[in-house]
Amino acid sequence: MSPSRLSSLSPSLRTAAAVLVSALVPLAAIAQEKTLRIAMTAADIPRTLGQPDQGFEGNRFTGIPMYDALTQWDLSKADAPSVLIPGLAQTWAVDAKDRTKWVFKLRPGVKFHDGSDFNADAVVWNVRKVLDKDAVHFDASQVGVTASRMPTLRSARKIDELTVELTTSEPDAFLPLNLTNLFMASPAHWQKKFDAAAGATPADKSKAAWTAFAADASGSGPFRMTRFVPRERLELAANKGYWDAKRVPKIDRVVMIPMPEANARTAALLSGQVDWIEAPSPDAMAAIRQRGNVVYFNQQPHVWPWQLSFAEGSPWLDKRVRHAANLCVDRTGLLKLLGGMMGIPKGTVPPGHPWWGNPKFDIRYDPEAAKKLMAEAGHTPAKPLRVKVQISASGSGQMQPLPMNEFVQQSLKQCGFDVQFDVIEWNTLFTNWRRGAKDPTANGAHAINVSYASMDPFFAMVRFTSTKTFPPVSNNWGFFGNDEFDKLIADARTSFDDKARDAALARLHARIVEEAPFIWIAHDVGPRAMTPRVKGVVQPRSWFIDIATMSMD
């Protein structure tokens, strides 16, 4: 970057740019005409062995590009919500007599990157890798990010080469949606790693094989791994033999770089070191656009909340306090802070959504009503209620967590809240999310700030309100739930008719908003900035995005 261009930046961006110009010089050598360079918000490369970590940023950048699942999200439209479509399974149906069993008909002719065949045996193998502790290839490190996202899946059985039966612990109409998170890795490629691995026991060899597989992965996705350097870079190349002609990549190579600090990402884009940045710094939007870059954003099912603790002694056990906090957040002011890059929530889903349900509690900015509720609960600005929140400084879907949380802290202060923060690293926060408010890792926190996707019923509502999803099973960090909510969830989960299921989910959502186990602060709109060289960008109404259909000048 030239001295004249550096001098035009703000001091913080100028410092970040100067560091990046020297630190990212190797990128310039590989940034040829059809190489796309992406700066992620993650501090490390999401896991590459088939089941990504780093939240859904992992699915977006190492899951969907490198792997396929039985079902997948349609990411081809910007003007309609993403819906479920066939992936490696062409069709699926629940057994009419036994609704714990599903039959999936698989797509013929699919090859893994190592040249081996995708078939029913591969599906059974991939289910066993996270569910069957007796399987040689079982990997406990992949269980947390998989089983918590599909808690009713129990087993898989081969019927024939292209037909597999999946069994759940109870009737579960959500299963096809949940299966978008089970990515198919190559059993043959893993077996080669296992055969070559050193180890005194099969378990030792298996662990070594998964480590080797992560560094030389094989899925069936539109891109294949060519180079992997932990905490530094992941390089992918186009899979020109990909099974879906519409998604055969036009971009030859993709380079992914972890860059958790917003100013650093922004400086990298402005200096030409990368072509794409996630979550650009809000105060740099004007400079980003002035340089000819394009900012993409869209409404999406993604919630940025505080999830509240219902453990013994929690200050949030009083519903008046929960309602007061929801009434005291100045979301319009937060919208201005973020340069318009957020949605103002009325709940987990917006009014008009099939799951809305018309709750009786109205989430809005009404500090006077909030102060009245707090006074009834025995708290005032002179006698504040002390609450502690565990947050991160960056991470997948976390938007701009430090300035946002500081804004909410000041907003709540006027209503009698004294908010303290426990700031920890994102992946540690995400791990703590599954351990729960009662675990020592919560460090006495009464709330946790982890954003979440809300595109399917389990992710949006069930995992936060069921007594069956208390930690460590899934993400009910706050231990919220009771018989009423379990019944509402069962009504939805066992409704295999779309309209009946939507009606049941609407009843569930209304009760969630009324009981307020969250402070709903923002809906993410997924802002990302790209050089105009990147073409064919579709920013869907989804947390995910499809690199495979893009091209470059």
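Just above sits the structure.
Thresholds applied
Residues numbered from 1 in each chain as written. Predicted model: local features only at pLDDT ≥ 70, side-chain atom pairs only at ≥ 80, totals over all residues. Heavy atoms only, no water. Helix = DSSP H or I, 4+ residues; strand = E, 2+ residues; numbered from the N terminus. Rg over C-alpha atoms; globule rule 2.2 N^0.38 Å. Contact = heavy atoms within 4.5 Å. Areas by Shrake-Rupley, 256 points an atom, 1.4 Å probe, with all protein chains shown as cover. Lys, Arg positive; Asp, Glu negative; His and termini not counted. Charge placed at Lys NZ, Arg CZ, Asp CG, Glu CD. Buried < 20%, exposed > 50% of the residue type's maximum accessible area, 1.4 Å probe, protein only. Phe/Tyr/Trp six-rings, centres within 6.5 Å; stacked < 30°, edge-to-face > 60°. Lys NZ or Arg CZ within 6 Å of the ring centre and 35° of its normal. Disulfide = S-S within 2.5 Å. Pairing = 2+ DSSP bridges. Axes fitted to C-alpha atoms, helices over the stretch in contact; angles between N-to-C directions. Parallel < 35°, antiparallel > 145°, perpendicular 65-115°, else oblique. Left-handed = near helix turned anticlockwise from the far one by under 90°.

Turning next to the overall build of the protein chain. A count of helical and extended segments in the protein chain gives 19 helices and 21 strands. Since a compact globule built from 553 residues should have a radius of gyration of about 24 Å, the 23 Å found for the protein chain is in line with a globular shape. A principal-axis box enclosing the C-alpha atoms of the protein chain has dimensions of 70 × 70 × 50 Å. For the protein chain, the proportion of contacts with a sequence separation of at least 24, taken over those separated by at least 6, is 70%. Approximately 20,600 Å² of the protein chain is accessible, and the part contributed by carbon and sulfur atoms is 54%. Each charge class in the protein chain can be summarised by its mean position, and for the 65 positive and 56 negative side chains these summaries are 2 Å apart.

Glancing now at the environment of proline 472. Topologically, proline 472 is positioned in the loop between α17 (457-465) and α18 (483-493). A residue is classified by how much of its surface remains accessible, and proline 472, at 67% relative accessible area, is exposed. Each C-alpha atom of the pair proline 472 and arginine 434 lies 5.3 Å from the other, and the pair is 38 residues apart in sequence.

Here we come to the packing of aromatic side chains. Across all of its chains, the model carries 27 aromatic pairs by this definition. Judged by centre distance (6.5 Å) and plane angle (50 degrees), the rings of tyrosine 67 and phenylalanine 183 are tilted. Here tyrosine 67, found in the loop between α4 (56-63) and β2 (71-73), pairs with phenylalanine 183, found in the loop between α7 (175-178) and α8 (187-196); they are 116 residues apart in sequence, far enough to count as distant. The two residues tyrosine 67 and phenylalanine 183 agree in class, both being buried. Each ring, one from tyrosine 452 and one from phenylalanine 518, has its centre 5.3 Å from the other, and the planes form 35 degrees; the classification is tilted. Of the two residues, tyrosine 452 sits in strand β17 (residues 452-453) while phenylalanine 518 sits in strand β18 (residues 518-523), which places them 66 residues apart along the sequence. Counting every residue linked through ring pairs, the aromatic cluster contains Trp426, Phe430, Trp433, Tyr452, Phe464, Phe518 and Trp520. Above the face of the phenylalanine 194 ring, lysine 205 is positioned so that its terminal group lies 4.9 Å from the ring centre. Between the NZ or CZ atom of lysine 438 and the centre of the ring of phenylalanine 479, over which it lies, the distance is 4.3 Å.

Before going further, it helps to spend a moment on the state of the cysteines. Using the criterion set out here, one finds one disulfide in the structure. Across the disulfide from cysteine 328 sits cysteine 415; the S-S distance is 1.9 Å. Judged by the sign of its S-S torsion, about 85 degrees, the cystine formed by cysteine 328 and cysteine 415 is right-handed. Of the two residues, cysteine 328 sits in helix α12 (residues 319-328) while cysteine 415 sits in the loop between α15 (401-413) and β15 (417-424), which places them 87 residues apart along the sequence.

With that out of the way, let us pick up the sheet that holds strand β11 (residues 276-278). Within the open sheet, the seven strands sit side by side as β8-β9-β10-β1-β11-β19-β12. Their pairing is mixed. Pairing within the sheet leaves two strands with one partner each, and these edge strands are β8 (223-229) and β12 (294-296). Each strand of the sheet is rotated relative to its neighbour by a mean of 20 degrees, with strand direction disregarded. With three bridges connecting them, β12 and strand β19 (residues 528-530) associate as antiparallel partners. Paired with tyrosine 296 across the strands is arginine 528, a residue of β19. Docked against the sheet, helix α10 (residues 262-270) engages β1 (35-40), β11 and β19, running at close to 165 degrees with respect to β11.

Let us look at the environment of leucine 182. Here leucine 182 shows up in the loop between α7 and α8. In sequence terms leucine 182 and tyrosine 67 are 115 residues apart; their C-alpha atoms lie 9.4 Å from each other. Those residues within four positions of leucine 182 in sequence are excluded, and the remaining contacts are Gln51, Asp68, Ala69, Leu70, Asn126, Val127, Lys129, Val130, Thr146, Met150 and Leu153.

Let us now look at α12. For α12, the tally of buried residues reaches eight of 10 residues, placing the bulk of the element in the interior. Turning to α12, its buried residues are Val321, Arg322, His323, Ala324, Ala325, Asn326, Leu327 and Cys328.

What follows is about the packing of α8 against helix α9 (residues 202-215). The relative placement of two packed helices is expressed as an angle between their axes plus a distance between the axes. The N-to-C vectors of α8 and α9 enclose an angle of 125 degrees; their axes lie 8 Å apart at closest approach. What the angle tells us is that α8 and α9 run oblique. With respect to the hand of their crossing, α8 and α9 are arranged in right-handed fashion. Residue-level contacts link His189, Trp190, Lys193, Phe194 and Asp195 of α8 to Pro202, Lys205, Ser206, Ala209, Trp210, Ala212 and Phe213 of α9.

Treat this as a map of the structure, not an account of what it does.
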